[in-house]
Amino acid sequence: MLVITTPTGQIGRQVLEGVLDDGDRPVRVIARDPSRLPARVRERVEVVQGATDDVGVVSKAFAGADCVLWIVPPNPRAQSLPRHMLDFVEPLCEAVVGQGVERVIGLSSLGRGTARNAGQISAVFAMDDLIESTGVHYRSLCPPGFMENMLWQVESLKSRGVFFSSLSGDRKIPTCATRDIAAAAAGLLLDASWTGQEDVPLLGPEDLSHNDMAQIMSEVLERPVRYQQIPGEAHKAALVQHGMSEAWARGAVAMADAVDRGIYNAQPRTPQATTPTGFRQWCREVLKPAVDA
């Protein structure tokens, strides 16, 4: 029995599709609103309705489970990053121990062991530590920023041909498409042979700066695109203005500062850590249709 959380989310949805397409293992999902699952999916999975911060729901879902994909859903209105993480990880750990789950796959970040005051990145590393403390076999998926994060700036790209961050424009960093993260997670879910506790870095195929990305987007979108770095305080204020809590916005800026200090560059690039989808391909297949819509 495989259990998948956030089955309608950006990554969980793709993992669920991959598992259903590639195997005949029984699958259970935890969903707040099962009606959001496509009908063809609902016909093939067992659904436990509820939230993954509810230990009763999680324990019910984990009964008889062999392997679990655990993704903590973001909450940009959370008033505390550590509390937000604990609200989801404490029920997981209790249910893993109580139900005897053998394997857990978690979604973390690059740079584990090097993060200091890194906002949301520091919070997910605390999640890794708590899960590992249960003794469960664990694989921590460690991507850098998602290419899909650029979709948050589609309106600015459309109207002004510009995207923003507090990150330095010339800092070359890895970036990864969520399809490749989902493929790695699905492969691990379907493989019952792995044991122990390990990180799984997912680096994409290349390191690019935001200035490099602007050039690629200009070519793919066939319109001028530029990157504009803004001061951290101004970036935080803009995020709060758009509905983020003070804590979440402060964490986002701290995360960008950590990336600027090299947290994503500490992991050596290896063939095993290199995922296939390049930024240019992603722009053609995902960003351009979103901007042209």
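Report follows, based on the coordinates. In this text the structure is predicted, and so the values were computed from the model without any measurement. Position numbers for residues count from 1 along each chain, tracking the sequence in the order it is written. It should be noted that, the model being predicted, local features are given only for residues of pLDDT at least 70 and side-chain atom pairs only at 80 or more, the latter also being counted only at that level, while totals for whole chains, interfaces and linings use all residues. Each side-chain value is derived from all of the structure's non-hydrogen atoms; neither hydrogens nor water enter the calculation.

### Quick look at the pattern of salt bridges
The condition is simple: Definition used for salt bridges: Asp or Glu carboxyl oxygen within 4 Å of a side-chain nitrogen of Lys or Arg. Helix and strand assignments follow DSSP, with helices taken as H or I runs no shorter than four residues and strands as E runs no shorter than two, numbered in order from the N terminus. Burial here depends on accessible area, computed with a 1.4 Å probe over protein chains only, as a share of the maximum for the residue type. Under 20% is buried, over 50% is exposed, and the range in between is partly exposed.
Taken as a whole and assessed by the stated rule, the structure comprises 20 salt bridges. Residue Arg 28 is joined to Glu 46 by a salt bridge in which the shortest nitrogen-to-oxygen separation is 3.2 Å. Separated by 18 residues along the polypeptide, Arg 28 in strand β2 (residues 27-31) and Glu 46 in strand β3 (residues 46-49) bring together distant segments of the chain. Arg 28 gets classed as buried once you look at its relative accessible area, which sits at 8%. Ionic pairing is found between Glu 246 and Lys 236, a salt bridge with its closest N-O pair at 2.9 Å. With Glu 246 in helix α10 (residues 246-260) and Lys 236 in helix α9 (residues 232-241), this pair connects stretches of sequence that are 10 residues apart.

### A word on the pairing of strand β6 (residues 137-142)
What counts here: Only strands joined by at least two bridges in the DSSP assignment are considered to pair.
For β6, the tally of buried residues reaches five of six residues, placing the bulk of the element in the interior. Summarising the sheet, strand β5 (residues 103-107) and β6 pair through five bridges and their orientation is parallel. Looking at the pairing, Gly 106 lines up with Ser 140 of β6. Examined bridge by bridge, β6 and strand β9 (residues 197-201) share five bridges and lie parallel to one another. Directly across from Cys 142, in β9, lies its bridge partner Pro 201.

### Details of the side chain of Ser 109
Applicable threshold: Contact definition: two residues touch when any of their heavy atoms are within 4.5 Å.
Of note, Ser 109 is situated in the loop between β5 and α5 (120-133). The residues contacting Ser 109, other than those within four sequence positions of it, are Ile 121, Val 124, Phe 125, Leu 141, Cys 142, Pro 143 and Tyr 264.

### Quick notes on α10
Short version of the rule: Here a helix's expected span is defined as the number of its residues, less one, multiplied by 1.5 Å.
Under the 1.5 Å per step criterion, the end-to-end length of α10 is 21 Å for 15 residues, consistent within 8% with the ideal 21 Å. Every buried residue belonging to α10 is among Ala 247, Trp 248, Ala 249, Gly 251, Ala 252, Val 253, Ala 254, Ala 256, Ala 258 and Val 259, and all of these are buried. Contacts from the buried residues of α10 go to α4 (81-99), α5, β8 (173-174) and α9. Two residues or fewer past α10, Gly 262 is found with a positive phi of approximately 105°.

### So, the packing of aromatic side chains
Any aromatic ring pair is given by two values, namely how distant the centres are and how the planes are angled relative to each other. In plain terms, the rule: When the centres of two rings from Phe, Tyr and Trp lie within 6.5 Å, Trp using its six-membered ring, the rings pair. Their planes under 30 degrees apart give stacked, over 60 give edge-to-face, and anything left gives tilted. Two limits define a charge over a ring: the Lys NZ or Arg CZ must be within 6 Å of the ring centre, and within 35 degrees of the ring normal.
The tally for this structure, following the rule as stated, stands at three aromatic pairs. When the centroid spacing of 6.1 Å and the interplanar angle of 80° are considered together, the rings of Phe 62 and Trp 70 count as edge-to-face. On the accessibility criterion, Phe 62 (0% relative accessible area) is buried. For Trp 70, a relative accessible area of 0% translates into the label buried. Note that Arg 103 overlies the ring of Trp 194, its terminal NZ or CZ placed 5.7 Å from the centroid.

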